[in-house]
Amino acid sequence: MHQGTRSQAAVYTVPFLVRMALDPRLVNRHRFVALLVAIAIGLDNNHLPNGYDPREDRDNLANLRAEADDWAQWIAEATDDEQREQREASWEQVLIDAEAIVLSYDAVREALPDLAVLLTSDRPELRAETANLFAWFPESAATSIPLLKAFVVEEASPGAAATGLVALGLLGDPAAVPFVEGYLDSPVTELRWASAFALTRLGIAGPAVVDVLIEVVARPPERAETMSFLSGSYGSLAAMALAETSEGTTLRAVEAVLVGLADCTGVERWHDRYYTAHRLFTLVFPGEPAQRPQSFGDLSDVQQRVVRFVVDQDADGWPSGGMDALRRWKVPTERSALRLYVGSV
């Protein structure tokens, strides 16, 4: 498994990794479960905040197999032996990769019943990573939801319990809504946040949900190893969820995200800064403009606020994750040019 691509070998490692995860003599068993997540779905960050749909990969494989005759004709039309061999190798690799994705996912899914016992492990990081694992298999929701509900109720670690609530949301089953809603007014910040995050995924984004997300995106709890999604970045995940609501581009919501982003300084907060900036800037500067703004004054109030925020940042807080969005809008991204753009000295 490398950067989301699973090789042919991945599926054969699954039984071995499952046995390692279940072996109490081994340390850091949560890492084996995390590797099973990666083998099943690739990079989980790519599937946040909306969960994973295995039908897309299965459909892709079925479509490729249905196109076998077209590929064969493309190969036959090669101008020489070297090109023919290159095309044959390309087709073979495309099919191998698509098959590996589906086979790896199914192999991990078959192991879920055996791994469920880890939800009651004596290690909170292992319990949390197991809840994370169950989040990515919507076809198993009927059995996973009762397990995750029981896990959340009994879990002592706020970060691990929050992971369980997020997992319920990512499964996308409306049956989980009443349970998840019960934590929206929890006195525990992590549980309020997780409930709001999960409810946006379940299609519920009323004022109470938005209020919690705005609260947490501006003042997130401390990162915790027991909240395993996005390496424990509550603020980044809250920004992702807020972007899915109709309030995401309001000045109130954007100001809250910028408050949180201002605290994401230094090397140790690079990932928080990257993911938060990427989601916010992509939302405020969507796609490519129909007409390029000629000046700073052509930007909307919210866009101007974001650009002014960037101007005020030094190297320690430079929001690199948002620069691509600015470039698409032809907004300068070099510091001195950006200062001139907004009229600063």
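Just above sits the structure.
Just so it is clear, the model here is predicted, and its values are computed rather than measured. Sequence order as written defines the numbering, with residues in each chain counted from 1. With pLDDT at 70 or above as the cut-off, local features in this predicted model cover only qualifying residues; side-chain atom pairs require 80 or more to be listed or tallied, and sums for whole chains, interfaces and linings still use all residues. Hydrogens and water molecules were not included; the side-chain quantities draw on all heavy atoms of the structure.

## Here we look at the overall build of the protein chain
Looking only at helices and strands, one finds 17 helices and zero strands in the protein chain. Values of the radius of gyration come from C-alpha atoms, whereas the globule rule sets the reference at 2.2 Å times the count of residues to the power 0.38. Relative to its length of 345 residues, the protein chain is compact, with a C-alpha radius of gyration of 23 Å against a globular reference of 20 Å. Viewed in the frame of its principal axes, the protein chain has a C-alpha envelope of about 65 × 60 × 35 Å. Only protein chains enter the area calculation, which uses a 1.4 Å probe; residues under 20% of their type maximum are buried, those over 50% are exposed, and those in between are partly exposed. Within the protein chain, the fraction of its 345 residues that count as buried is 51%. What sets the accessible areas is the Shrake-Rupley method with a 1.4 Å probe; for residues, cover comes only from the shown protein chains. As displayed, the protein chain offers around 16,600 Å² of accessible surface, 51% of which is attributable to carbon and sulfur atoms. Residues scored as positive are Lys and Arg, those scored as negative are Asp and Glu, and His as well as the terminal groups of each chain are ignored. Every charge is mapped to an atom, namely NZ of Lys, CZ of Arg, CG of Asp or CD of Glu. Each charge class in the protein chain was averaged separately, 30 positive and 49 negative side chains, and the resulting centres sit 5 Å apart. Each helix corresponds to a stretch of at least 4 residues labelled H or I by DSSP, and each strand to a stretch of at least 2 residues labelled E; elements are numbered beginning at the N terminus.

## What to know about the packing of aromatic side chains
The criterion for an aromatic pair is that two Phe, Tyr or Trp rings (for Trp, the six-membered ring) have centres within 6.5 Å, with stacked assigned to planes under 30 degrees apart, edge-to-face to planes over 60 apart and tilted to the rest. With the rule as written, the count across this model stands at 12 aromatic pairs. Their ring planes at 70° and their centres at 6.0 Å tell us that W136 and F229 sit as a pair that is edge-to-face. With W136 in the loop between α6 (124–134) and α7 (141–154) and F229 in the loop between α11 (207–218) and α12 (234–243), this pair connects stretches of sequence that are 93 residues apart. You'll find W136 and F229 in the same group, each marked buried. Ring centres of W193 and Y234 lie 4.9 Å apart, and the angle between their planes is 85°; this geometry places the pair in the edge-to-face category.

## Notes on the nonpolar core
Ranked by size, the top nonpolar core spans 106 residues in total, and within it W136, W193, F229, F281 and F285 carry the most contacts. When residues of this core are assigned to their parent elements, the largest contribution, nine residues, is made by helix α8 (residues 158–171). If we ignore the near neighbours within four places in the chain, the residues touching F285 are L299, Q303, V306, V307, A325, L326, R328, W329 and V331. By convention a nonpolar core is built from buried Ala, Val, Leu, Ile, Met, Phe, Trp, Tyr and Cys residues, the set being connected through side-chain atoms within 4.5 Å. Grouped together as the second largest cluster of nonpolar side chains are eight residues, L61, L64, W71 and W91 included. Residue contacts follow a heavy-atom distance rule, with two residues in contact if any of their heavy atoms lie within 4.5 Å.

## So, the packing of helix α13 (residues 251–262) against helix α15 (residues 301–311)
For the pair α13 and α15, the least separation of the axes is 10 Å and the interaxial angle reads 10°. It follows that α13 is roughly parallel to α15 by the angle criterion. The segment α13 lies against α15, with L251, V254, E255, L258, L261 and A262 engaging V302, R305, V306 and F309. Residues are sorted three ways: Asp, Glu, Lys and Arg are charged, Ala, Val, Leu, Ile, Met, Phe, Trp, Tyr, Cys and Pro are nonpolar, and all the rest, Gly among them, are polar. When grouped by side-chain class, the residues that make up the contact of α13 with α15 number eight nonpolar, no polar and two charged. Axis lines are fitted to C-alpha atoms, over the contacting stretch for helices. Their N-to-C directions set the angle, which ranges from 0 to 180 degrees. Orientation is classified from the angle alone, with under 35 degrees giving roughly parallel, over 145 giving roughly antiparallel, 65 to 115 giving roughly perpendicular, and any other angle giving oblique.

## Quick look at the pattern of salt bridges
Counted as salt bridges are all cases of a side-chain nitrogen of Lys or Arg within 4 Å of a carboxyl oxygen of Asp or Glu. A complete count under the given rule lists 16 salt bridges for this structure. Of the charged contacts, one joins E99 and R65 as a salt bridge, the two residues approaching to 3.2 Å between their closest N and O atoms. Here E99, found in helix α5 (residues 81–115), pairs with R65, found in helix α3 (residues 54–66); they are 34 residues apart in sequence, far enough to count as distant. A residue is classified by how much of its surface remains accessible, and E99, at 25% relative accessible area, is partly exposed. Overall, the relative accessible area of 49% leaves R65 in the partly exposed class. A salt bridge links E155 to R127; the shortest N-O distance between them is 2.7 Å. Within this pair, whereas E155 is found in the loop between α7 and α8, its partner R127 is found in helix α6, the two being separated by 28 residues in sequence. Overall, R127 belongs to the buried group, its relative accessible area being 13%. Through salt bridges with shared partners, a single ionic network connects R58, D106, R109 and E139.

## Concerning unusual backbone geometry
L48 connects to P49 through a cis peptide bond whose omega is 5°. We note that Q3 has phi near 50°; this positive angle belongs to a residue other than glycine. Judged by its relative accessible area of 63%, Q3 falls in the exposed class. A positive phi angle, close to 50°, is found at L230, a residue other than glycine. Position of L230 among the secondary structure elements: in the loop between α11 and α12.

## Describing the packing of α13 against helix α14 (residues 270–284)
Where α13 meets α14, the closest approach of the two axes is 10 Å, and the angle between their N-to-C directions is 155°. Compared by their axis directions, α13 and α14 come out roughly antiparallel. Like other packed secondary-structure pairs, α13 and α14 cross with a definite hand, here left-handed. Residues V254, V257, L258 and L261 of α13 form the contact with α14, whose own contacting residues are R273, T276, A277, L280, F281 and V284. Per-class residue counts for the contact of α13 with α14 are eight nonpolar, one polar and one charged. In this scheme the crossing of two helices becomes right-handed for a clockwise turn of the near helix relative to the far one and left-handed for an anticlockwise turn of less than a right angle.

All quantities given are derived from atomic positions and should not be read as evidence of function.
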